[in-house]
Amino acid sequence: MDLPTLWFFIIGFFFVGYFVLDGFDFGVGMSLPFLGKDDTDRRVLINTIGPVWDLNETWVIVAGAALFAAFPEWYATMFSGFYLALLLILLALIARGVSFEYRHQRPEVRWKRRFDLMITIGSAVPALLWGVAFANVVRGVPLDANFNYTGTFFDLLNPYALLGGVTTLLLFFTHGVVFVSLKTEGEIRERARRLAVRSGIVTIVVAAGFLTITTLMHGTLASGLLSAAAAVALIVSFVANLRGREGVAFGFMAVTIGLAVASLFAALFPAVMPASNDPAHSLTIANASSSTYTLQVMTWVALVFVPLILLYQGFTYWVFRKRITRAAIPAAH
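Starting from 1, residues in each chain are numbered consecutively following that chain's sequence as written. Reporting of local features is limited, given that this is a predicted model, to residues whose pLDDT is at least 70; pairs of side-chain atoms are given and counted only at 80 or more, and all residues count toward the totals for whole chains, interfaces and linings. Side-chain metrics rest on all non-hydrogen atoms present in the structure, leaving aside hydrogens and water.

Asks: Would you explain the overall build of the protein in this entry?
Replies: Tallying secondary structure elements over the protein gives 13 helices and two strands in all. Within the protein, the fraction of its 333 residues that count as buried is 52%. Method for areas: the Shrake-Rupley scheme with a 1.4 Å probe, in which residue coverage is limited to the protein chains shown. Element-wise, carbon and sulfur atoms account for 70% of the exposed surface of the protein, whose accessible area totals about 15,200 Å². In the protein, 23 positive and 19 negative side-chain charges are present, and the distance between their average locations comes to 13 Å. Helical segments are the DSSP runs of H or I of at least four residues, strand segments are the runs of E of at least two, and each set is numbered from the N terminus. A 1.4 Å probe rolled over the protein chains alone gives each residue an accessible area, and that area as a share of the maximum for its type sets the label: buried under 20%, exposed over 50%, partly exposed in between. Positive: Lys, Arg. Negative: Asp, Glu. His and the chain ends are not part of the count. A single reference atom marks each charge: NZ on Lys, CZ on Arg, CG on Asp, CD on Glu.

Asks: What's the story with the environment of Ala192 in this structure? I'm lost.
Replies: Among the secondary structure elements, Ala192 is positioned in helix 9 (residues 187-218). Sequence-wise, Ala192 and Ser181 are 11 residues apart; in three dimensions their C-alpha atoms are separated by 5.3 Å. We call two residues in contact whenever any of their non-hydrogen atoms come within 4.5 Å of each other. Not counting residues within four places of it along the chain, the set of residues in contact with Ala192 comprises Leu35, Val177, Val180 and Ser181.

Asks: Help me understand the side chain of Thr184, please; the structure alone is not making it clear to me.
Replies: With respect to the helices and strands, the residue Thr184 is situated in the loop between helix 8 (159-183) and helix 9. Side-chain polar atoms of Thr184 contact the backbone oxygen of Val180, separated by 2.6 Å. Filtering out sequence-adjacent residues up to four positions away, Thr184 remains in contact with Val44, Thr48, Arg189, Arg323 and Ile324. Pairs of N or O atoms are called polar contacts if they sit within 3.5 Å, as long as, within protein, a hydrogen donor faces a hydrogen acceptor (for residues adjacent in sequence, only side-chain-to-side-chain pairs).

This is the structure we're talking about:
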């Protein structure tokens, strides 16, 4: 395997990690209006991801930095062509992060409600737009001979891409609700489990439709097998949740999202940015990658630091592994 191909799969790994980890963060944020009956409930929900949400979010920074260094042409085309969508994602993430830090700074109900709304919107917008962006990358976008995007923002809002956005939105929502049932006790745990059943049914239908269309229109044998495996994992997660096995349900939801994202990268390979108007204008692993020396240096850096990052993140989750209850939430002042 040559270095450009290796780094294509490494970047895919980073995005898999980001969608799996920040995905349930987004789901918890979107669940506030459904599971947060009062302020204590909402504080329980926020505390389930309080120690890890910012750590999860660093995966997209690593993925973006690796993309910039390994495939500068891919980075330039995607970030210039999708700049409005990515700007909306960035603004939503900023609003979400600020809300986590500021909602408890004042006791007024209206103050907290506003920041809760920002958390919900700041979670839903990226969950939707990431799916739209990746669906467009797989589908292909109009590019000129210099690999510049020649479409508009509204060209990205085509039916296939919107279906991809709804799929990631539902996957992340269900992933987050299952995580809430795994991390809480009492009534909120039962409400989360019941909500995961209802959202899981819709998610299975929508995700199956999107992955089937992707396989038929843009897929390969590898992407088709990964999509089928993702569908099986989603059904196993749903059944496990029905039986009250939150740990199994959460694990298989993570597998579902990981396999679904991997199937998109498999459908894309060996292109990185297909041109829908002229295949000759497509960006591929070969014409979008950095120099061999750059990729060699990046590979040695990745060999050292990626295992350390994984160990540190695993240790963080181990430290904060216990369930959170309403009794553990101190009274607000």
